[in-house]
Amino acid sequence: MKMNLIKPIAILLISFNLVLASNKQDSQIQLSKTFRQSVHSTPGNVLHIPDSQADISIKGIKGNTIKVEAAIDISEMDEENRDAFFAQTKLSLVPVADGFKINLDYPKMKTQSSFRFLGLKLFAKKYSIAIHYTISVPDSTALQIENEYGDISIENVSGVHKIRNQSGKIALRNCSGALDLYNSYAAIAVNHFNGTVNLRSSSCPVEMNDISGNVIAETNYKPIEFFNIGGNLTINAESSAISGTKVDGNCTISNSYKSIDIREVGGKLEIKGESSKITAFDIQKNASILNTYKEVTVKDVKGNLEIKAESCPVHVQNTNGSLSIRNTYEAVEVQNVGAALKIQAESCPIEVSNIKDSVQIQNTYKKIELKNISGNLKIDGESCAVRIDSVGGDLDISNTYKSIDIENTFGSIRVNGESSSVEISSIQQLPPTGYIKVFTTYKKIMLKVPAKTEANVFLKSEYGKVKSDLPAYFDNEQEIEKRLKKGKPLIRLESSGDIYLREE
Amino acid sequence: MKCNQYEQFELGKISPGEFKRHLETCIFCREMQQQDEQLLSTAAALNQNRNIPDLWPEIEQRLKEVQKSSTVPFSVLQSPFLRIAALFLIGLSLTLYFYSKPKPQARPILSASALQDVEKKETEYISSIVRLEKVASVRMDDLDLNLALLYRDKLEIIDSQIEKCREALKDNPANSHIRRYLLAALNEKKNTLKEILK
């Protein structure tokens, strides 16, 4: 029982003493002290914060006073050094030509003695310091800040701001004027800025929202995100994932290796990528895209679109203007183009549908599939399997080795094949002055025409069979012109293989 | 006002046994010790293979969690009398603390012992990066030229950042902001080297 009482009493006493002891000032503790200064200013003045290593919070307020609080934390330090340190520390607001400059003078001693023995200072060691400025300024004050190793946050300040930081975040909110900003290695966030922004950075994630003016942004290796840029947007990046929505003006972007995702551009769009996955939706004016190796997806372009790619899968949907695509080795898919389409490809599988104007395609080795072409069609293929369904204008196709299948045509047809079998069927209309001219070698030609078609028909096969449901001539070229009956279309089929002309 | 027992213990002015007993009643010192332990354990984890974008936010998060989840170890008190006494003590201590000291915040300056251990861990971390660098430099020769140039440029930027942080730390060794950016740069270098080796 005695033991039971002694223990708690002992604990009670010791603990009580310890708690009381905690009230005493220790000789080796971390300390902080806040210094304050204020000065009368006028709108339009500049506040300079030069050469600082501090966290800086600045708020714009109504009134004409600049108030500065500098909270200083120092590392463990004995009482003597600490008192000396704070006694020699001085905060001041110095008038300069265009405004005021913050000066924080503190002892630049590199070391302090950490231990005393018999009156001697032993084990000298370095001390550390951390500074936090809390500043309020008249809301029309330009800021010029040079800082490192500290975060900067600025709110509600209007002016021509120049901010340099290193290894510290920069956040601006509800500011206006013009912003010239540089940072490295830490995040930048500019939200609700009424004016122009020029932002350069190295290895900084960047976020920009609701900026009314033009924006130029530069970074590398870290992502850039934006929303609602009122002016033109220019981004020069390297290996940065870029994504954003809504640019009222023109948008120009260069990047490499990381993705680019841009939506809702009111002006022109220009993207130069290198191995970047590119997505661009809803562009009001012309767009041009340059890329290599990674996928390009574009949708809803009101103007013309030009894509120059190398080994990129390309998908395009809904362009009002003309579309030009250059690509190699990877698939090209195009749907719904309001004007002319031109594709220059090399070994690309091509699928195209719903084109309101003419189509021109150059390709090798891979299939070409076309559907619903309103204008003329010209294909220059080499060893491409060609399949065409519905062309409103004339067709001009040259190809080698692989088959050519054509359905639902409304205009004249010219096919120049080399070892390509040709099949043409479901002809919807053949103009009286139109023609169907098919030349190939070694492979058959099958032409199906509507029943009761009246035409000048000339058929020629070197080694194969010739079968025709229509009356036909088998003369040489010189005779053909003499025998043409005016007002009727011309059908001329020539191959070293079989030829079939059938009525449907 | 703050309790100084933790610093006293770190300076060797009170014994481990005495400090352990003190910890049972002092929330402030418990928090200080937990914060430093968390910092050290996170620094120790730097050598592990983890894919995290930035170590410091995690350190800060852990410190916050520790601040939130400080609990009193009632289970160690067996006797009812001890429990009553402990309750009284805790109540009294808490009252004194709430009147006497501000809430603990993320410290802009690291304590001496934490700094020493973090520096030690950083050194270990750097040596592991050096090993990784040797393997990655061989792999760089096999990469596409443009990609290799990009990685070289990126590594140069990271090295420059590491150097700048080291320079700044010479004058301000316990500044947690600079320390955080050094850790972030080291972490990024490690991740970049691992990316090259993929």
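The residue numbers shown here count from 1 along each chain, following its written sequence. Whichever chain is written first becomes A and whichever ligand is written first becomes 1, with later ones labelled in order. Under the rules for a predicted model, residues below a pLDDT of 70 receive no local features and side-chain atom pairs below 80 are neither given nor counted, while totals for whole chains, interfaces and linings still include all residues.

Draft legend 1. Looking closely at the overall build of chain A. For chain A, the count of helices and strands is three helices and 45 strands. With C-beta atoms placed from the backbone, the exposure class of a residue follows from how many other C-beta atoms lie within 10 Å of its own: 20 or more, buried; 12 or fewer, exposed; in between, partly exposed. In chain A, which comprises 504 residues, the share counted as buried stands at 40%. Residue pairs are scored as contacts if the distance between their C-beta atoms, which are placed from the backbone, is within 7 Å. The contacts of chain A with a sequence gap of at least 6 include a subset with a gap of at least 24, amounting to 26%. Every helix listed is a DSSP run of H or I at least four residues long, and every strand listed is a run of E at least two residues long, numbered separately from the N terminus.

Draft legend 2. Here's a closer look at the overall build of chain B. On a plain count of helices and strands, chain B comes out with eight helices and zero strands. Order of helices (α) and strands (β) in chain B, N terminus to C terminus: α-α-α-α-α-α-α-α. For chain B, the residues scored as buried account for 35% of the 198 residues in total.

Draft legend 3. Inspection of the packing of helix H6 (residues 112-140) of chain B against helix H8 (residues 176-197) of chain B at higher detail. All names here are of chain B. Lines are fitted to the C-alpha atoms to define the axes, a helix being fitted only along its stretch in contact, and any angle between axes, read from their N-to-C directions, falls within 0 to 180 degrees. H8 packs onto H6 with a crossing angle of 25° between their chain directions and a minimal axis gap of 9 Å. When the interaxial angle is binned, H6 and H8 end up roughly parallel. You can see that H6 and H8 cross each other, and the crossing is left-handed. Contacts between H6 and H8 pair Val118, Tyr125, Ile126, Ile129, Leu132, Glu133, Val135, Ala136, Arg139 and Met140 from the former with Arg179, Leu186, Lys189, Lys190, Leu193, Ile196 and Leu197 from the latter. An angle below 35 degrees is treated as roughly parallel, one above 145 as roughly antiparallel, one from 65 to 115 as roughly perpendicular, and anything else as oblique. Crossing handedness follows the turn of the near helix against the far one: under a right angle anticlockwise gives a left-handed crossing, and clockwise gives a right-handed one.

Draft legend 4. Representation of the packing of helix H7 (residues 145-171) of chain B against H8 of chain B. Residue and element names in this part refer to chain B. It is at 9 Å that the axes of H7 and H8 come closest, and there the two elements cross at 160°. Looking at the two axes, H7 sits roughly antiparallel to H8. Crossing of H7 over H8 shows left-handed handedness. Contacts from Tyr151, Lys154, Leu155, Ile158, Gln161, Ile162, Cys165, Arg166, Ala168 and Leu169 in H7 reach Ile178, Arg179, Tyr181, Leu182, Ala185, Leu186, Glu188, Lys189, Thr192 and Ile196 in H8. Partitioned by chemical class, the residues of the contact of H7 with H8 number 13 nonpolar, two polar and five charged. Three classes are used: nonpolar for Ala, Val, Leu, Ile, Met, Phe, Trp, Tyr, Cys and Pro, charged for Asp, Glu, Lys and Arg, and polar for all others, with Gly counted as polar.

Draft legend 5. Region of interest: the nonpolar core. If you look at the biggest cluster of nonpolar residues, it comprises 143 residues, and the most contacted ones within it are Met208, Ala280 and Ile289 of chain A. Broken down by element, the residue count for this core peaks at seven residues, all from H8 of chain B. Here Met208 of chain A is in contact with Val190, Val197, Val215, Ala217, Phe226 and Ile229 of chain A, once residues within four sequence places are set aside. What we call a nonpolar core is a set of buried Ala, Val, Leu, Ile, Met, Phe, Trp, Tyr and Cys residues whose membership is set by joining through C-beta atoms within 7 Å.

Draft legend 6. Fine view of the pairing of strand S34 (residues 377-382) of chain A. All names here are of chain A. On S34, burial follows the alternation: Leu377, Ile379 and Gly381 on one face are buried, whereas Lys378, Asp380 and Glu382 on the facing-out side are not. With six bridges connecting them, strand S32 (residues 359-364) and S34 associate as parallel partners. When the bridges of S34 are listed, Ile361 appears paired with Ile379. For S34 and strand S36 (residues 395-400), the ladder comprises four bridges, and the chain directions are parallel. In the strand pairing of S36, Asp380 is matched with Ser398. Two strands pair under a simple rule: DSSP has to find at least two bridges between them.

Draft legend 7. Representation of the confidence of the model for chain B in the model. All names here are of chain B. For every residue, the predictor assigns a confidence score, pLDDT, that lies between 0 and 100. Residues with a pLDDT of 70 or more make up 64% of chain B, whose mean pLDDT is 74. The secondary structure element of chain B with the lowest average pLDDT is helix H4 (residues 55-68), at 53, and the one with the highest is H7, at 91. Confidence drops under pLDDT 50 across residues 46-54; counting only partners more than four residues distant or on other chains, this segment forms ten contacts. Here the complex is predicted with pTM 0.78, and the ipTM for its interfaces comes to 0.74.

Draft legend 8. Fine view of unusual backbone geometry. Residue and element names in this part refer to chain A. Phi angles above zero are rare outside glycine, and His192 is one such case at about 55°. Tracing the backbone shows His192 in strand S14 (residues 188-202). The class of His192 is partly exposed, set by 16 C-beta atoms lying within 10 Å. Although it is not a glycine, Tyr293 adopts a positive phi angle of roughly 65°. Its place among the elements puts Tyr293 in the loop between strand S24 (287-292) and strand S25 (296-301). On the basis of neighbour count, Tyr293 is assigned to the partly exposed category, with 18 C-beta atoms found within 10 Å.

Draft legend 9. Summary view of the pairing of strand S5 (residues 90-96) of chain A. Residues and elements named next belong to chain A. Pairing between S5 and strand S6 (residues 99-105): seven bridges, direction antiparallel. Looking at the pairing, Leu93 lines up with Ile102 of S6. Connecting S5 to the next strand, S6, in antiparallel fashion are two residues.

Draft legend 10. Spatial organisation of the environment of Asn194 of chain A. Residue and element names in this part refer to chain A. Along the chain, the position of Asn194 falls in strand S14. With 17 residues separating them along the chain, Asn194 and Gly177 place their C-alpha atoms 6.3 Å apart. Here Asn194 is in contact with Ser176 and Ser212, once residues within four sequence places are set aside.

Draft legend 11. Just the confidence of the model for chain A, in detail. All names here are of chain A. On average, chain A scores 90 in pLDDT, and the residues at 70 or more come to 88%. Contacts of residues 16-28 to residues separated by more than four positions or lying in other chains number 20 contacts, the stretch itself having pLDDT below 50. Confidence over residues 117-123 falls short of pLDDT 50; this stretch has seven contacts with residues more than four positions distant or in other chains.

Draft legend 12. Representation of H6 of chain B in the model. Compared with an ideal rise of 1.5 Å per residue, which puts 29 residues at 42 Å, H6 of chain B spans 40 Å between its outermost C-alpha atoms and is within 8% of the ideal. The set of residues buried in H6 of chain B consists of Ala112, Ala114, Leu115, Val118 and Lys121 of chain B. The span you would expect from a helix comes to 1.5 Å times its residue count less one.

Draft legend 13. Examining the environment of Asn64 of chain A more closely. Residues and elements named next belong to chain A. Its place among the elements puts Asn64 in the loop between strand S3 (54-61) and strand S4 (65-77). C-beta crowding within 10 Å serves as the criterion here: with 15 such atoms nearby, Asn64 is assigned to the partly exposed category. Taking C-alpha positions, Asn64 is 14 Å from Leu93, a pair spaced 29 residues apart along the chain. Beyond its immediate stretch of four places on either side in the chain, Asn64 contacts His40, Ser41, Thr42 and Pro138.

Draft legend 14. Local environment of the environment of Ala136 of chain B. All names here are of chain B. By the secondary structure assignment, Ala136 is in helix H6. Among the residues examined, Ala136 registers 18 C-beta atoms within 10 Å and is labelled partly exposed. In this structure the C-alpha to C-alpha distance between Ala136 and Pro108, which are 28 residues apart in sequence, comes to 36 Å. Filtering out sequence-adjacent residues up to four positions away, Ala136 remains in contact with Leu193, Ile196 and Leu197.

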